[in-house]
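Next come the chains, spelled out residue by residue.
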Amino acid sequence: MTTAPWRDPALPASVRVDDLLSRMTLEEKTAQLYGVWVGADTDGEGVAPHQHDMTSDYDWDELITLGLGQITRSFGTAPVDPGLGAQALARAQRQIAAAGRFGIPAVAHEECLAGFTAWQATAYPVPLAWGASFDPELVERMARRIGEDLRAAGVHQGLAPVLDVVRDPRWGRVEETIGEDPYLVGTIGTAYVRGLESAGVVATLKHFAGYAASAGARNLAPVRAGVREFADITLPPFEMALREGGARSVMAAYTETDGVPASADPGLLTRLLRDEWGFTGTVVADYFGIGFLETLHRVAGSHAEAAHAALLAGIDVELPTVRCYGTPLLTAVRAGEIPEELVDRAARRVLLQKCELGLLDEDWAPEPTAPLDLDSAENRALARRLAEESVVLLDNPDGLLPLSPDTRIAVVGPRAADALAMLGCYSFPSHVLTHHPGVPAGIDIPTVLEALRAELPDAKVTFAHGCDTSDPDTSGFEEAVARAAEADVCVAVLGDRAGLFGRGTSGEGCDASDLSLPGVQAELLDALVATGVPVVLVLLTGRPYALGRWQGRLGAAVQAFFPGEEGGPAVAGVLSGRVNPSGRLPVSVPHVPGGQPWTYLQPPLGLAGEVSNLDPTPLYAFGHGRSYTRFEWVPDRRDQDVEITTDSTYDVSVTVRNTGDREGAEVVQLYLHDPVASVTRPDMRLIGYQRLELAPGAAARVTFRFHPDLSAFTDRTGHRIVEPGTLELRLAASSTDIRHTTHLTLTGPRRVVGTDRRLRCETEVSEVP
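Residues numbered from 1 in each chain as written. Predicted model: local features only at pLDDT ≥ 70, side-chain atom pairs only at ≥ 80, totals over all residues. Heavy atoms only, no water.

Draft legend 1. Molecular detail of the overall build of the chain. Each helix and strand counted, the chain has 21 helices and 27 strands in total. In terms of C-alpha radius of gyration, the chain reaches 26 Å, essentially the compact-globule figure of 27 Å for 769 residues. The dimensions of the chain, computed from C-alpha atoms along their principal axes, are 80 × 70 × 50 Å. The burial tally for the chain puts 63% of its 769 residues in the buried class. Total accessible area on the chain stands at roughly 27,000 Å², and carbon and sulfur atoms take up 48% of it. Across the chain, 66 positive and 103 negative side-chain charges occur, with their mean positions spaced 3 Å apart. (Helix = DSSP H or I, 4+ residues; strand = E, 2+ residues; numbered from the N terminus. Rg over C-alpha atoms; globule rule 2.2 N^0.38 Å. Buried < 20%, exposed > 50% of the residue type's maximum accessible area, 1.4 Å probe, protein only. Areas by Shrake-Rupley, 256 points an atom, 1.4 Å probe, with all protein chains shown as cover. Lys, Arg positive; Asp, Glu negative; His and termini not counted. Charge placed at Lys NZ, Arg CZ, Asp CG, Glu CD.)

Draft legend 2. Representation of the side chain of histidine 431. By secondary structure assignment, the location of histidine 431 is in helix α17 (residues 428-431). Look at histidine 431 and you get buried, because its relative accessible area is 0%.

Draft legend 3. Main features of the nonpolar core. Core analysis: the biggest nonpolar cluster contains 212 residues, and Tyr192, Phe208 and Tyr325 have the highest contact counts within it. For this core, the element with the highest residue contribution is helix α15 (residues 340-356), accounting for eight residues. The contacts of tyrosine 325, once residues within four sequence positions are left out, are Thr30, Leu33, Tyr34, Ile290, Ala307, Ala310, Leu311, Ile315, Asp316, Val317 and Glu318. By size, the runner-up hydrophobic cluster in this structure holds 37 residues, among which are Ala421, Leu423, Leu449 and Leu452. (Core = buried A, V, L, I, M, F, W, Y, C linked by side-chain atoms within 4.5 Å. Contact = heavy atoms within 4.5 Å.)

Draft legend 4. Representation of the packing of aromatic side chains. The final tally for this structure, using the stated rule, is 16 aromatic pairs. Between tryptophan 130 and tyrosine 192, the aromatic rings sit 4.9 Å apart at their centres with planes inclined by 10°, giving stacked as the arrangement. Of the two residues, tryptophan 130 sits in helix α6 (residues 127-133) while tyrosine 192 sits in helix α8 (residues 182-198), which places them 62 residues apart along the sequence. Residue tyrosine 192 is classed as buried on the basis of its relative accessible area, which comes to 0%. Ring geometry for phenylalanine 208 and phenylalanine 238: centres 5.1 Å apart, planes at 70°, overall edge-to-face. Of this pair, phenylalanine 208 sits in strand β5 (residues 202-208) while phenylalanine 238 sits in helix α10 (residues 236-243), and the two are 30 residues apart along the sequence. Of the two residues, phenylalanine 208 and phenylalanine 238, neither departs from the other in class, the shared state being buried. By the ring-pair criterion, three or more aromatic residues cluster together here, those being Trp37, Trp171, Tyr211, Tyr254, Tyr287, Phe288 and Phe292. (Phe/Tyr/Trp six-rings, centres within 6.5 Å; stacked < 30°, edge-to-face > 60°.)

Draft legend 5. Structural view of unusual backbone geometry. Between alanine 160 and the following residue, proline 161, the backbone shows a cis peptide bond with an omega angle of 10°. Here proline 161 lies in the loop between β4 (157-158) and α8. Residue lysine 206 is joined to histidine 207 through a cis peptide bond whose omega torsion reads -10°. The backbone of phenylalanine 288 sits at a positive phi, close to 65°, despite the residue not being glycine. Summarising the element assignment, phenylalanine 288 is placed in the loop between β9 (282-285) and α12 (289-295).

Draft legend 6. View of helix α14 (residues 327-334). Those residues of α14 not exposed but buried are Leu329, Leu330, Ala332 and Val333. Looking straight down α14, one finds its buried side chains confined to an arc of 165°; they lie on one side. More than 90 degrees from the buried face of α14, the exposed residues found are Thr327 and Arg334. Residues of α14 that are buried sit in contact with α2 (26-31), α13 (303-313) and α15. In the segment just after α14, glycine 336 is the residue with positive phi, at about 80°. (Arc of directions from axis to C-beta.)

Draft legend 7. Structural view of the sheet that holds β5. The sheet built from seven strands is open, its strands ordered β1-β2-β3-β4-β5-β6-β9 with parallel pairing. In the strand order of this sheet, the two ends are held by β1 (35-36) and β9, each with one partner. With two bridges joining them, strand β3 (residues 107-110) and β4 adopt parallel strand pairing. Residue pairing across strands places histidine 109 opposite glutamine 157, the latter belonging to β4. Packing of α10 onto the sheet brings it into contact with β5 and β6 (249-252), and relative to β5 it is tilted by some 165°. (Pairing = 2+ DSSP bridges. Axes fitted to C-alpha atoms, helices over the stretch in contact; angles between N-to-C directions.)

Draft legend 8. Examining the sheet that holds strand β23 (residues 720-722) more closely. As summarised here, the arrangement of the three strands in space is β22-β23-β26, forming an open sheet in which the pairing is antiparallel. The outermost strands of the open sheet, each flanked by one partner alone, are β22 (713-714) and β26 (751-752). In this structure, β23 lies alongside β26, joined through two bridges in antiparallel fashion. Bridge pairing in β26 places valine 722 opposite arginine 751.

Draft legend 9. Quick look at the pattern of salt bridges. A complete count under the given rule lists 52 salt bridges for this structure. With its nearest N and O atoms 2.9 Å apart, the salt bridge here joins arginine 380 to glutamate 566. One end of the pair, arginine 380, is in helix α16 (residues 377-390); the other, glutamate 566, is in the loop between β15 (556-561) and α21 (567-576), and 186 residues separate them in sequence. Neither arginine 380 nor glutamate 566 differs from the other in exposure class; each is buried. Aspartate 488 is the salt-bridge partner of arginine 408, the closest N and O atoms lying 2.8 Å from each other. (Salt bridge = Lys/Arg side-chain N within 4 Å of Asp/Glu carboxyl O.)

Draft legend 10. Structural view of the packing of α16 against α21. Axis separation between α16 and α21 bottoms out at 8 Å; the angle between their running directions is 45°. Classified by the angle between their axes, α16 and α21 sit oblique to one another. Two packed elements cross with a definite hand, and for α16 against α21 that hand is right-handed. Contacts between α16 and α21 involve Arg384, Ala387 and Glu388 from the former and Gly567, Pro569 and Ala570 from the latter. The residue makeup of the contact of α16 with α21, split by class, is three nonpolar, one polar and two charged. (Parallel < 35°, antiparallel > 145°, perpendicular 65-115°, else oblique. Left-handed = near helix turned anticlockwise from the far one by under 90°. Nonpolar A, V, L, I, M, F, W, Y, C, P; charged D, E, K, R; others polar.)

Draft legend 11. α8, seen in detail. With 17 residues, α8 should cover 24 Å at 1.5 Å per step; its first-to-last C-alpha distance of 24 Å lies within 8% of that length. Within α8, 15 of the 17 residues are buried, which leaves it mostly tucked inside the rest of the structure. Structurally, the start of α8 carries an N-cap: the backbone nitrogen of tyrosine 183 is 2.8 Å from a side-chain oxygen of aspartate 181. Positive phi shows up at glycine 200, right after α8, with a value of about 85°. (Expected span 1.5 Å × (residues − 1). Polar contact = N/O pair within 3.5 Å; in protein donor to acceptor, adjacent residues only side chain to side chain.)

Draft legend 12. Examining the environment of histidine 743 more closely. Here histidine 743 lies in strand β25 (residues 738-747). The exposure class of histidine 743 is partly exposed, given its relative accessible area of 30%. C-alpha separation for the pair histidine 743 and leucine 729, spaced 14 residues apart in sequence, amounts to 6.6 Å. Ignoring sequence-local partners within four residues, the contact set of histidine 743 consists of Gln640, Asp641, Val642, Leu727 and Glu728.

Draft legend 13. Up close: the pairing of β6. Residues of β6 alternate between two faces, with Ser249 and Met251 on one and Val250 and Ala252 on the opposite face, all of them buried. Here β6 pairs with β9 via four bridges, running parallel. Opposite valine 250, over in β9, you have valine 283 as the bridge partner.

Here it is as structure tokens:
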């Protein structure tokens, strides 16, 4: 028996796929370009926007005779036992392989933003918490575990990470982002990609590109970013994750920029992504994004026109289910309205990826090889460590924290006794189980109240709910104030409720009109502070909220960004002192709820000044975070004014010593200031960082190797350049806490740089006696 070349694993993937394509009919090639969402709701309210009107019924047995590109969310649509779900997915894959002429299975994809979005799977901290950790190595370890769980269940592609850079914190999906700085987003996001890909799972970069810069922070609103903002802030994290992380898939954004939807933009999805950056993987549509070209953007007059625009732009796969890439596409190709070459181009990319995944091999087998435990002890330990590293101590002016072990504590607030307070909108309990009342969460999620009682067994802990997250009812204030008045300290646990499309205060489609605490929580906090009892504010949120109203009135303030299933013990550990807080803000915390949007990446006219009565200066700056120990910084002061050429390097070093009496972590940050440039530049921007964990008395020397490529920006002609002139390299504990400045002059010619430029600041850590 002779094996067809496309089945021969000894041949190059390109040879195998070319042979396979030559044997396939147009219908069979087209079938590789769409997914099917088994079990999606076609009648009522679903988990995705417009799901009910964009999803139609289909005959599964008939559909799969041609083959199938993808299976959508077989675990993430309804609660299913993981073991049974894996077996059901394997049976579906066997059906698909048996039905078609070539026996090609589908790519199974799932959401995995903060863990595998499946029932009984670990709910890790959200990406904003990853950013707060400033710990890419730990994020990579977490992503590897997520990938291993996905593969064990039969899943090939994960729809993560989100690499959108926060431009307006009112946007509902801030919780899904890593922060407001492209270097932080790029380095942390790339670490996640490396971890997921190392487990053999295809990482999908979202949302390409500009989605987070929507006007007014409204979900799917038009993007009005300028050319330089797009090039210098929006795009770099994606470029880094592709070049350094090896991501094999990209998801096109819903939004349009300057009148051109991303899903119909060949300049973005083909000329930039493929021709300039060299990307060879697959581009997938965001859910219903191709259909939205017709229904929401109105740049297509029919399903076929939407399919043509998306294929021409470079979208290879229609997700989550077939609408435009099925019969409308086939009919249009047969009629000569759409070139068959576009179908061949996309099908080749899809089949190349299937070949890489082993789905074209004769020995392919979909059945799980071992029992599934999606919330293992190892998973939970990683979730706990990441949660602990991400908690930010905003303020502790009089040393109220850590709490005394035998004190009287009144725990008050709507987030204190609710397990869902720990989870973001793409966690399975928040994303799916709200549609299945009565079904248990499937994982243990200790609340802050439960964890604090366990953490401080000798303390007298009382509780009052106070109010709901967003309800205007204040009837619970009286009891809350009474409990606080009886205590030595009040712990006010406030924040967000994650949800979707207006069903929460944070999450997809849950955009905020301003940055006031939701509902009447601000009034509750006022009432608690008025008792005169010291108040520790604990925020469990998906975005930053304005806290200037309580400046100087709180005993302490702690910020956690949806810290996951182990978030309760992590927060309680910080309050008790078991955990020395080391998180740093990945987003600025504003003084006032209005006067936004604002992130720290502002040129001079974006800063406070006499030209406006509004002062956007944050209460707590990007990179800020306090500790229970002290650190002494001793910079290398040999050189204050240095000259280097525009293509050489310079080392900036600082020695950090823990001068306190307990172990702690410091995050050394390196910022760039460009005093004069040919276009306006952000006053400060992060170009390097290093997290240091130091025992009492221990010290370490951090050396940042600065290359002028890190100073590159997009000039008036659209080229990315390194410009000669004076720069400042600022060693800092936050974007406003500058510890040492080196004045650097770049000499030599203006350099145009391309995709081979350095994206990362090399960092070296050495021990110091």
